[in-house]
4 protein chains.
Amino acid sequence: MAKLYFKYGAMGSSKTAQALIAKFNYEERGMRVWLIKPATDDRDGADVLKSRIGLSAVCYPVEKTCNLVDAYLKFGKGSDVIIADESQFFTPEQIDTLRWLVDEENVPVLCFGLRTDFMTHLFPGSQRLFEIADSVTEIKTVCECGAKATVNARLDNDGHIVTKGHQIYLGGNERYVAMCHRCWQKRIEKEKNYMLF
Amino acid sequence: MAKLYFKYGAMGSSKTAQALIAKFNYEERGMRVWLIKPATDDRDGADVLKSRIGLSAVCYPVEKTCNLVDAYLKFGKGSDVIIADESQFFTPEQIDTLRWLVDEENVPVLCFGLRTDFMTHLFPGSQRLFEIADSVTEIKTVCECGAKATVNARLDNDGHIVTKGHQIYLGGNERYVAMCHRCWQKRIEKEKNYMLF
Amino acid sequence: MAKLYFKYGAMGSSKTAQALIAKFNYEERGMRVWLIKPATDDRDGADVLKSRIGLSAVCYPVEKTCNLVDAYLKFGKGSDVIIADESQFFTPEQIDTLRWLVDEENVPVLCFGLRTDFMTHLFPGSQRLFEIADSVTEIKTVCECGAKATVNARLDNDGHIVTKGHQIYLGGNERYVAMCHRCWQKRIEKEKNYMLF
Amino acid sequence: MAKLYFKYGAMGSSKTAQALIAKFNYEERGMRVWLIKPATDDRDGADVLKSRIGLSAVCYPVEKTCNLVDAYLKFGKGSDVIIADESQFFTPEQIDTLRWLVDEENVPVLCFGLRTDFMTHLFPGSQRLFEIADSVTEIKTVCECGAKATVNARLDNDGHIVTKGHQIYLGGNERYVAMCHRCWQKRIEKEKNYMLF
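Residues numbered from 1 in each chain as written. Chains lettered and ligands numbered in written order. Predicted model: local features only at pLDDT ≥ 70, side-chain atom pairs only at ≥ 80, totals over all residues. Heavy atoms only, no water.

S.K.: Would you take a moment to explain the packing of aromatic side chains for this structure?
M.R.: Here a ring pair, both rings aromatic, is described through the centre-centre distance and the interplanar angle of the planes. The tally for this structure, following the rule as stated, stands at 30 aromatic pairs over all chains. Ring plane angle 65° and centroid distance 5.8 Å describe the contact between Trp-34 of chain B and Tyr-72 of chain B, whose orientation is recorded as edge-to-face. Placement of Trp-34 of chain B in strand S2 (residues 33-38) and of Tyr-72 of chain B in helix H2 (residues 68-76) is noted, with a sequence separation of 38 residues between them. The exposure class of Trp-34 of chain B is buried, given its relative accessible area of 6%. An aromatic cluster is defined as three or more aromatic residues linked by ring pairs; in this entry it consists of Phe-6, Tyr-8 and Phe-130 of chain A together with Phe-6, Tyr-8 and Phe-130 of chain B. Sitting above the plane of the Phe-118 of chain A ring, Arg-154 of chain A keeps its charged end 3.7 Å from the centroid. (Phe/Tyr/Trp six-rings, centres within 6.5 Å; stacked < 30°, edge-to-face > 60°. Helix = DSSP H or I, 4+ residues; strand = E, 2+ residues; numbered from the N terminus. Buried < 20%, exposed > 50% of the residue type's maximum accessible area, 1.4 Å probe, protein only. Lys NZ or Arg CZ within 6 Å of the ring centre and 35° of its normal.)

S.K.: Just to check I follow, could you spell out the arrangement of the chains for this structure?
M.R.: Looking at chain A next to chain C, you find no contact at all, with the nearest C-alpha pair sitting 8 Å apart. The smallest C-alpha distance separating chain B from chain D is 8 Å, and no contact links them. (Contact = heavy atoms within 4.5 Å.)

S.K.: For this particular structure, what's the right way to read the side chain of Asp-134 of chain B?
M.R.: Along the chain, the position of Asp-134 of chain B falls in the loop between helix H4 (124-132) and strand S8 (135-139). Excluding its chain neighbours within four sequence positions, the residues that come into contact with Asp-134 of chain B are Glu-138, Lys-148 and Thr-150 of chain A together with Ala-2, Lys-3, Leu-4, Arg-99 and Val-102 of chain B.

S.K.: Quick question: what am I supposed to make of the pairing of strand S9 (residues 151-155) of chain B here?
M.R.: For a regular strand, the rule is simple: side chains alternate between the two faces of the sheet. Residues and elements named next belong to chain B. Counting buried residues along S9, 5 of its 5 residues qualify, which places the element largely inside the surrounding structure. Of the pairings in the sheet, the one linking S9 to strand S11 (residues 176-179) comprises 4 bridges and is antiparallel in character. Paired with Ala-153 across the two strands is Val-177, which belongs to S11. Direction of pairing for S9 relative to strand S10 (residues 161-162): antiparallel, over a ladder of 2 bridges. Among the inter-strand pairings, Arg-154 is bridged to a residue of S10, identified as Val-162. The hairpin turn running from S9 into S10, its antiparallel successor, is 5 residues long, and Gly-159 in that turn takes a positive phi close to 85°. (Pairing = 2+ DSSP bridges.)

S.K.: Which parts of the structure should I look at to understand the interface of chain A and chain B?
M.R.: Where the parts come together, the accessible area they lose is often given as the size of the interface. Facing the 28 residues of chain A at the interface are 28 residues of chain B. A buried area of about 2300 Å², summed over both sides, lies between chain A and chain B, and 42% of it is on carbon and sulfur atoms. The interface formed by chain A and chain B holds 0 salt bridges in total. Counting the contacts that link chain A with chain B gives 18 residue pairs in polar contact (both at pLDDT 80 or more). Examining the composition of the side of chain A that touches chain B, we find that 6 residues originate from one element, helix H4 (residues 124-132) of chain A, more than from any other. Residues that form the side of chain A that touches chain B fall into these classes: 10 nonpolar, 9 polar and 9 charged. (Buried area = accessible area lost by both parts, 1.4 Å probe. Salt bridge = Lys/Arg side-chain N within 4 Å of Asp/Glu carboxyl O. Polar contact = N/O pair within 3.5 Å; in protein donor to acceptor, adjacent residues only side chain to side chain. Nonpolar A, V, L, I, M, F, W, Y, C, P; charged D, E, K, R; others polar.)

Put into structure tokens, the structure is as follows:
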């Protein structure tokens, strides 16, 4: 039976490259892929998936109000797999419709996405995926200290860590850096002391 | 460096047995374990961890208002590891203090707990663990159909699935049954139709 | 479709307890389990599985020359799952017959066993499982230094590490200790220097 | 402490792409990578790593007789990580020297490679890695039937599965295809019957 997969990782863990490699592997075996992402993320164009390492592909852009069952039946029907990137930006209802497609249409769904925002809180889409995915696995990356990076630190123009603001602020890699929790805490502590002077 | 582990599973996946086995393994190597659980769960006594397979141990009961750093320094100091059961019932703030103990005291923390309630929503404690744990792994169990069970269905006295009510209702195994998402949905659908007659 | 699982771990990682918990979980859902182990391992009786933590169960003892397909059809037919402990002692041919049961009878097979002997070499049964299992996962335990233990050190009566001898020497836990590779190497190095005086 | 990782997968599971992405992630954080592969595999040049999806990089070619500690001290010293592709072709002794570098130089080593040959037997390099790696994880890919592919079937010019011959035969993807064990067995069975006519 088909499954719903959540493959989560920090910023810069190559989630998009992994999504594109999964697509490549399926297509190489003659299978059909429906590639989607939330239209919210239009940094590289709302209908393009682009990885920093140099891979890219055209995808179906999913608006906030889009019913994914309708969209699937219209644009994805007959696919052997659905691959979704930036899944943290889907609404919980959209994740529920992906779950429905897994259960009723028996099509596997691979969701790639961020785990948490810059304040270590789940995004609505990633929360729903942690709740109902059949398989939850981490795409790992490394902190500068050598440990695994798990926190997405947001930096201001001076390179200081920001701990207030809106959850979504799409400014590319130069404003976010993945760290381990220990380094993140230490740096916040250090910069807090610095602010006093 | 020490890590914060979240080992989640459905009802009846032997989470408590796993916690007690982890304790056994550490102690067999001459290491000290601080075993804790939220006092909320007092089905077997607030200070007892008890597994259906027949294992049990005395643990430190953690009240909702307990500061876990203070409690650790008072009762757990010098431990080689902290093992927590029923971690879904910790408050988010208590998970944050466990995170602090990992980062600052360099003591590993193993949290065992449920992923979601009977309506497939995260508990406050499991949500915070999904957000900030270093390692997230599933303790698997099986649905009657043979697939992996991921949903904790709540049953009423007639054995029908309940889809409304309070998040916490501690009534033992006879009122909950772990199922795969597909079987859970099918049974809700079937019982809904039945209700019409 | 059913799968062949290999769940490997070092000495003292609670493999037998895990096998018995898996059995318990299946049976609690009303499913039938065929529990087996190689008759080679008769420390607790050839037809008993016994865990140090205090759990035990009767099992079918598999002789070196036993054809597991025949034995299954005679003694295990109709089971929902086959659970095997001490799988490192099966012959490669016996693992192949378990593989056949998975593919042809569609019965899942869970094999628990050691990864390597006291010289870090695979056992015949574990080698075949690493080659053809569908799922390979580690049952973790801890070295005295706090790292993960992966090597099964054999100790002589004076507590020194042995690096020569027969692969199989069933003497219980008092003669084996699980260590991380780094600690194992350091201790061999240290004891070698000591031997010179 | 540094670890020895074995990331194994079937043919066409994008192992090389994964090795190059790991390299990219380390370098993006300003860390130094020593990229190596056995010189045996010279399909794309002995000193080039090339992925079917379009990624490539220059690497250090390791001869059968190469002492990897010497080579590391000469060419890789000061690296933050060693990344090795096609690790199944290393000799067991070379894997032991990588293990030594992990333990003594505290440098993490990521080994990507095939699990088994076309007859489902371990390669010498992959066998040693299954024996002494700290972390063993699978890079998954899909069989045409939708299940996970685990077997590397070798095909002759007519597309029939070959079950005899030398372990190493580097002829590119057109001669190998990754399958699940069930499909592989069924096809061998079917072609065997076909041969009788």
